[in-house]
Amino acid sequence: MTRNTPYGVLTLAVLALVVGPIGTAVFVLGFVYGDSPCVLCWAQRTGMVLIALVGLFVLRYGPRPRYVGLGVLIGAWGVFMGLRHSSLHLGRDVGQGFSVEIFGAHTYTWSMFIYWVCIVAMGVLLLMLRDGEATATPRQLRPIERLTMWLFLVAAAGNAVQAFASTGPPPYMGQGDPIRFSFTPANWVWSLEEWSPAPVSLRGRWGIAKPDIAGLESDPERGPLGTLPVLSEKRRIHLSMPFDGPVTDLAYDRTDDRFLITTEKGIYIADGTLSRVLRRTIVDTGFSVDLARFGGATFVERGTVMALSENKSYVILRESDRADAAKNFRFFLESFDEFDEVARSRLTTVRARMMYVLSVAFDPESGSFYTVTVPNAKVKRLVVSRFDRRDMTLSEEFTPALDSSTGLALAAGERSINEYYVAGAACEGGHLYALSAAFNTLVVIDPGGHRIAGAYAVPGLARPVGLAFKGTEAYILGEDRTVTVVEAPGLPLSRE
Amino acid sequence: MEFLNFLLICSAGFLVLRRPQRERLAFGLLVASTLLTVILFLIGTRTSILPGFNY
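All of the points below concern the structure found in this document. (Residues numbered from 1 in each chain as written. Chains lettered and ligands numbered in written order. Predicted model: local features only at pLDDT ≥ 70, side-chain atom pairs only at ≥ 80, totals over all residues.)

1. A word on the overall build of chain A
Then step 1. Within chain A, the regular secondary structure consists of five helices and 24 strands.
Then step 2. Scaling as 2.2 N^0.38, a compact globule of 496 residues should have a C-alpha radius of gyration of about 23 Å, whereas chain A reaches 32 Å, well beyond that.
Then step 3. When the backbone C-alpha atoms are referred to their principal axes, chain A occupies close to 95 × 60 × 35 Å.
Then step 4. In chain A, which comprises 496 residues, the share counted as buried stands at 43%.
Then step 5. Sequence separation of at least 24 residues holds for 60% of the intrachain contacts in chain A that already meet a minimum separation of 6. (Helix = DSSP H or I, 4+ residues; strand = E, 2+ residues; numbered from the N terminus. Rg over C-alpha atoms; globule rule 2.2 N^0.38 Å. Buried ≥ 20, exposed ≤ 12 C-beta atoms within 10 Å, placed from the backbone. Contact = placed C-beta atoms within 7 Å.)

2. Remarks on the nonpolar core
Then step 1. Membership of the largest hydrophobic core comes to 84 residues, with the highest contact counts inside it found for Val422, Ala425 and Ile476 of chain A.
Then step 2. Within the second largest apolar cluster, 65 residues are counted, among which are Val14, Cys41 and Ile74 of chain A together with Cys10 of chain B. (Core = buried A, V, L, I, M, F, W, Y, C linked by C-beta atoms within 7 Å.)

3. A word on the sheet that holds strand E3 (residues 233-238) of chain A
Residues and elements named next belong to chain A.
Then step 1. If you trace the four strands from one edge of the open sheet to the other, you get E3-E24-E23-E22, paired in antiparallel fashion. Two strands close off the open sheet at either side, each with one partner strand: E3 and strand E22 (464-470). Each neighbouring strand pair of the sheet contributes to a mean axis angle of 25°, computed without reference to strand direction.
Then step 2. As judged from the five bridges shared by strand E23 (residues 473-478) and strand E24 (residues 482-487), these two strands associate in the antiparallel manner. Residue pairing across strands places Glu473 opposite Glu487, the latter belonging to E24. (Pairing = 2+ DSSP bridges. Axes fitted to C-alpha atoms, helices over the stretch in contact; angles between N-to-C directions.)

4. Quick look at the packing of helix H2 (residues 39-61) of chain A against helix H5 (residues 143-167) of chain A
Residues and elements named next belong to chain A.
Then step 1. Interhelical geometry of H2 versus H5 gives an angle of 155° and a closest axis separation of 11 Å. The angle between the axes of H2 and H5 places the two elements in the roughly antiparallel class. With respect to the hand of their crossing, H2 and H5 are arranged in left-handed fashion. Listed contacts from H5 to Trp42, Val49, Ala52, Leu56 and Leu59 of H2 are Glu145, Met149, Phe152, Ala156, Asn159 and Thr167. (Parallel < 35°, antiparallel > 145°, perpendicular 65-115°, else oblique. Left-handed = near helix turned anticlockwise from the far one by under 90°.)

5. Points about the interface of chain A and chain B
Then step 1. Listed as interface residues are 49 residues of chain A and, on the opposing side, 37 residues of chain B.
Then step 2. Per-element tally for the side of chain A that touches chain B: the top contributor is H2 of chain A, with 13 residues.
Then step 3. Of the residues assigned to the side of chain A that touches chain B, the class counts are 35 nonpolar, nine polar and five charged. (Nonpolar A, V, L, I, M, F, W, Y, C, P; charged D, E, K, R; others polar.)

6. What about the pairing of strand E7 (residues 277-283) of chain A?
All names here are of chain A.
Then step 1. The pairing of strand E6 (residues 266-271) with E7 spans five bridges and is classified as antiparallel. The partner of Ala270 across the bridge, within E7, is Val277.
Then step 2. Hairpin connection, E6 to E7: the antiparallel pair is bridged by five residues, and Leu274 has positive phi, about 60°.
Then step 3. Pairing analysis gives two bridges linking E7 to strand E11 (residues 332-334), with the strands arranged antiparallel. Among the inter-strand pairings, Ile282 is bridged to a residue of E11, identified as Glu334.

Take it as geometry only, folks, not as evidence of what the structure does.
Put into structure tokens, the structure is as follows:
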């Protein structure tokens, strides 16, 4: 290998950058096809130009440490830019994206690959260098190196022309949705939209706080539906059973007269009087699927229970008196021989996406699970999602509508049922009952009609987390382990 | 601002090619352009600086 070999390789690398992504982008995509980069694309393209320029510095002055350091930094920043930009379109369907495709991939995704190749190429070139290669005086350029520099200047000048037409002189800058390139000044749009005030955030729309019922307004009278019929308290039961933490939900199994109670990690089956734990386990919520904190629970088939986490991940367990404790070590933290794990996975939603849930209900007649969202600072919608038991797949989603035939109406002002914060749910008589910890309201939802069939105030509840029906009574579990028993509402108001 | 950035880049490239003895100025322009690129990208992504992944 001669002394010029690394420079020859570097020259070819810079030429590839200049003729390839940099030159093609401006002269072919831009000037011929009218493609205009968005503000992020401009930064990605500029980064490639800068890496090529670093290469020219090395060709002229040798591989000085500051050139190599800056080249690696720009390359690393370029990979980040590519990730950041591509992530905008991660959730889209096949073929969807922004602007043009090249060989089946959109331009902003190519930049991630190109920057990565640049970093690899720099590493290879460094391996090829000898000690003391850096020079204090400028190198004499070979013709091919001089040609490369001229081509670089032409490509950079072309980009300057396109940048002037598409983005304008300072302080104008690139736009989120640029119009196509044109040489006609009348078609140029110079914008200051990127300078407009906007909240600075690290995670953007993904920065959603975990659900929390603390601090919610509890007075039903202040709810979005105003004054409602009241479900009066009949008695209270304090749960004296030992739990491993705060209770999070309640369900009832009429077949065997038993209750199901969950904590953040625990699953407990209690007798019909809520006085004795019959079976329990603590789930290893960190194994495989992140189960976070259980927020909902329901009986499924006989002897089978489901616990749903606030992030819509779930675990289904089957009761067993002969469970293999050694085999179950991976699934549970305690009580390894009382359940077998049937499934552990995640529910996928569309309308309810980006919202947490604190409830799940199972309707054995339709073989469906129901979840109801809780609002957060970024998304405020009450969405009911239905999942088919057979494949645990989303089968229907809707936002229940107010039905005027029920006599229900929104209170004065900018009110909405999206203000409800459903912390417990149960299916009974073909209806979905959703208990809101905000405004202590029991909302009756008609899943077939996608409507709210009734609503009842349940005053006096302290942070309700779970709901179950036993006979003609509704059991409401509070965070303080108190079960408030009220008369179950009559048949929901029918559509006249 | 992108136009300004390419003026900086063209100037640095010209110095490297035609005025190699002005290395310090050329490198200063290169660093300035790099910083401007980073700043412009951050302005464009300030409402969600990190990639939009499911963290």
